[in-house]
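Chain by chain, the residues:
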Amino acid sequence: MILLASSSETRRQLLRNAGIEVTSESPRVDEDAIKDALVADGVKPRDIADALAEAKARKVALRHPEAFVLGCDQVLALDDKILSKPRDQSEACDQLLHLSGRSHRLLSASVVYEDARPVWRHVGEVRLEMRPLSTAYVEEYVARNWDTIRHSVGGYRLEEEGARLFTRIEGDYFTVLGLPLLPLLSWLIDRGYLDS
């Protein structure tokens, strides 16, 4: 069984769909403070995603040292700038208009803790090209989808209407959803935790 250091229903469902028993616990870490400190130090987006995933896994693993803990985080990088989850609809519109007609990267990190120490990590990367969007469409899109996109970096969810925003995606779909599932499954199978 995996203890997921996250409240993400999407990640829980991906693991369950893959036949993995999972429970979850919110790690309660100050993601913004960690991210802001790392950005101020000039840390690359890939390493920020990894550090956030590890902080979550470590926090839960310290409370449950006997557990097999999975921490995950996702960072959106536009060039070397990082976008976070939008605070309100106005910020979601601003983010989408800034991404409009441009390419960006989603970096999804996973860190596994066993016996309260890190034993595996992976950062998956997906490149996405967004089509040019009109201001009117963006405002309507955000108003229609706010309940779900408010929890998503960049203000979109590819598994929903957000698919219409893109012309090309290079990379793994699970990584877009915030969990590089295939590398995790391969590692679990190689270690004998799962049958193949």
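Quick caveat, the model's predicted, so the values are computed rather than measured. Every chain's residues receive numbers from 1 upward, in the order its sequence appears when written. With pLDDT at 70 or above as the cut-off, local features in this predicted model cover only qualifying residues; side-chain atom pairs require 80 or more to be listed or tallied, and sums for whole chains, interfaces and linings still use all residues. Hydrogens and waters are ignored; side-chain quantities use all the structure's heavy atoms.

> Looking at this structure, how should I read the overall build of the protein?
Counting from the N terminus, the helices are DSSP H or I runs at least four residues long and the strands are E runs at least two residues long. For the protein, the count of helices and strands is seven helices and seven strands. Along the protein, helices (α) and strands (β) appear in the sequence β-α-β-α-α-β-β-α-β-β-α-β-α-α when read from the amino end. Whereas a compact globule of 196 residues would reach a radius of gyration of roughly 16 Å, the protein reaches 17 Å, a difference of no more than 12%. For the C-alpha atoms alone, the extent of the protein along its principal axes is close to 50 × 40 × 25 Å. Whether two residues are in contact is decided by their heavy atoms: any pair within 4.5 Å suffices. Contacts in the protein between residues far apart in sequence, at least 24 positions, make up 67% of those at least 6 positions apart. Computed with a 1.4 Å probe, the accessible areas rest on the Shrake-Rupley method; for each residue, only the protein chains presented here act as cover. Surface summary for the protein: the accessible area is close to 9700 Å², and the carbon and sulfur share equals 46%. All tallies of charge rest on Lys and Arg as positive and Asp and Glu as negative; His and the ends of each chain are not included. Just so you know, the charge point we use is NZ for Lys, CZ for Arg, CG for Asp and CD for Glu. Taking the average place of the 26 positive charges on the side chains of the protein and the average place of its 32 negative ones, the gap between the two points comes to 1 Å. For the radius of gyration, the atom set is restricted to C-alpha positions; the globular benchmark scales as 2.2 Å times the number of residues to the power 0.38.

> Which parts of the structure should I look at to understand helix H5 (residues 135-149)?
Every α-helix carries 3.6 residues per turn, so stepping three or four residues along brings you back to the same face. Given a helix with a known number of residues, its expected span is that number minus one, times 1.5 Å. Here H5 is 15 residues long, yet its end C-alpha atoms lie only 17 Å apart, well below the 21 Å a rise of 1.5 Å per residue gives. The largest bend in H5 is about 50°, located at alanine 143. If you check which residues of H5 are buried, you get Tyr137, Val138, Tyr141, Val142, Asn145, Trp146 and Ile149. Where the residues of H5 are buried, they touch helix H4 (89-99). Values of bend correspond, residue by residue, to the angle between axes fitted over the seven residues ending at that residue and the seven starting there. Exposure classes here rest on a 1.4 Å probe applied to the protein chains alone. A residue is buried below 20% of its type maximum, exposed above 50%, and partly exposed in between.

> Whenever I open this one, the packing of aromatic side chains confuses me. Can you help?
Pairs of aromatic rings are described using the distance from one ring centre to the other and the angle between the two planes. Any Phe, Tyr or Trp ring, taking Trp's six-membered ring, that has another such ring centre within 6.5 Å forms a pair; planes under 30 degrees apart are called stacked, those over 60 apart edge-to-face, and the others tilted. One pass over the full model with this rule turns up seven aromatic pairs. Relative to phenylalanine 174, the ring of tyrosine 173 has its centre 6.5 Å away and its plane inclined at 55°; by these criteria the two rings are tilted. On the basis of relative accessible area, phenylalanine 174 is assigned to the partly exposed category, the value being 26%. Of the aromatic side chains, those joined through ring pairs into one cluster are Phe68, Trp120, Trp187 and Tyr193.

> What's the story with the packing of helix H2 (residues 31-40) against helix H3 (residues 45-63) in this structure? I'm lost.
Two measures define how a pair of helices packs: the angle their axes make with one another and the distance between the axes. Note on definitions: angles span 0 to 180 degrees between N-to-C directions of axes, and those axes are lines fitted to C-alpha atoms, for helices only across the stretch in contact. Orientation of H2 relative to H3, taken along the N-to-C sense of each, is 145°, at an axis distance of 10 Å. Note on packing geometry: the crossing formed by H2 with H3 is right-handed. Residues Glu31, Ile34, Lys35, Leu38 and Val39 of H2 lie in contact with H3, whose contacting residues are Ile48, Ala51, Leu52, Ala55 and Lys56. Should the near helix be turned counterclockwise from the far one by less than a right angle, the crossing is left-handed, whereas a clockwise turn marks it as right-handed.

> Please explain the nonpolar core as it appears in this structure.
Note on soluble globular proteins: their nonpolar side chains tend to be buried together. Leu96, Met130, Tyr141, Val142, Tyr156 and Leu165 are the most contacted members of the largest nonpolar core, which has 24 residues in total. Those elements giving two or more residues to this core turn out to be strand E3 (68-78), H4, strand E6 (117-130) and H5. If near-sequence neighbours (up to four positions away) are discounted, tyrosine 156 is found in contact with Leu76, Leu96, Leu99, His104, Leu106, Leu128, Met130, Tyr141, Ile149, Leu165 and Phe166. With 20 residues, the next largest nonpolar core counts Ala49, Leu52, Ala61 and Ala67 among its residues. In this text, buried Ala, Val, Leu, Ile, Met, Phe, Trp, Tyr and Cys residues form a nonpolar core when linked through side-chain atoms within 4.5 Å.

> I tried to follow the environment of alanine 51 on my own but got confused; where do I start?
Relative to the helices and strands, alanine 51 is located in helix H3. Residues alanine 51 and cysteine 72, spaced 21 residues apart in sequence, show a C-alpha to C-alpha distance of 9.6 Å.

> What exactly am I supposed to notice about helix H1 (residues 9-17) here?
Those residues of H1 that fall on the buried side of the exposure criterion are Arg11, Arg12, Leu14 and Leu15. Seen from one end, H1 has its buried residues packed into an arc of 160°, which puts them on one side. Side-chain atoms alone can form a polar contact between residues adjacent in sequence; in general such a contact is a pair of N or O atoms within 3.5 Å, and within protein one must be able to donate a hydrogen while the other accepts it. The residue sitting at the N-terminus of H1 and contributing the capping side-chain oxygen is serine 8; that oxygen lies 3.4 Å from the backbone nitrogen of threonine 10. Glycine 19 occupies a position one or two residues after H1 and carries a positive phi of about 85°. The directions considered for the arc are those from the helix axis to the C-beta atoms.

> Hey, could you run me through the pattern of salt bridges in this one?
A side chain of one charge can pair with a side chain of the opposite charge if their charged atoms are brought near each other. Counted as salt bridges are all cases of a side-chain nitrogen of Lys or Arg within 4 Å of a carboxyl oxygen of Asp or Glu. Going through the model one piece at a time under the given rule, you end up with 19 salt bridges. Between glutamate 54 and arginine 121 there is a salt bridge, with its nearest N and O atoms 2.3 Å apart. Here arginine 121 lies in strand E6 and glutamate 54 lies in helix H3, a separation of 67 residues in the sequence. A salt bridge links arginine 144 to glutamate 161, with the shortest nitrogen-to-oxygen separation between them at 2.7 Å. Taken together, the positions of arginine 144 in helix H5 and glutamate 161 in the loop between H5 and strand E7 (166-170) put the pair 17 residues apart, joining distant regions of the chain. Taken together, the shared-partner salt bridges connect Asp50, Glu54, Arg58 and Arg121 into one network.

Keep in mind these numbers describe shape, not what the thing actually does.
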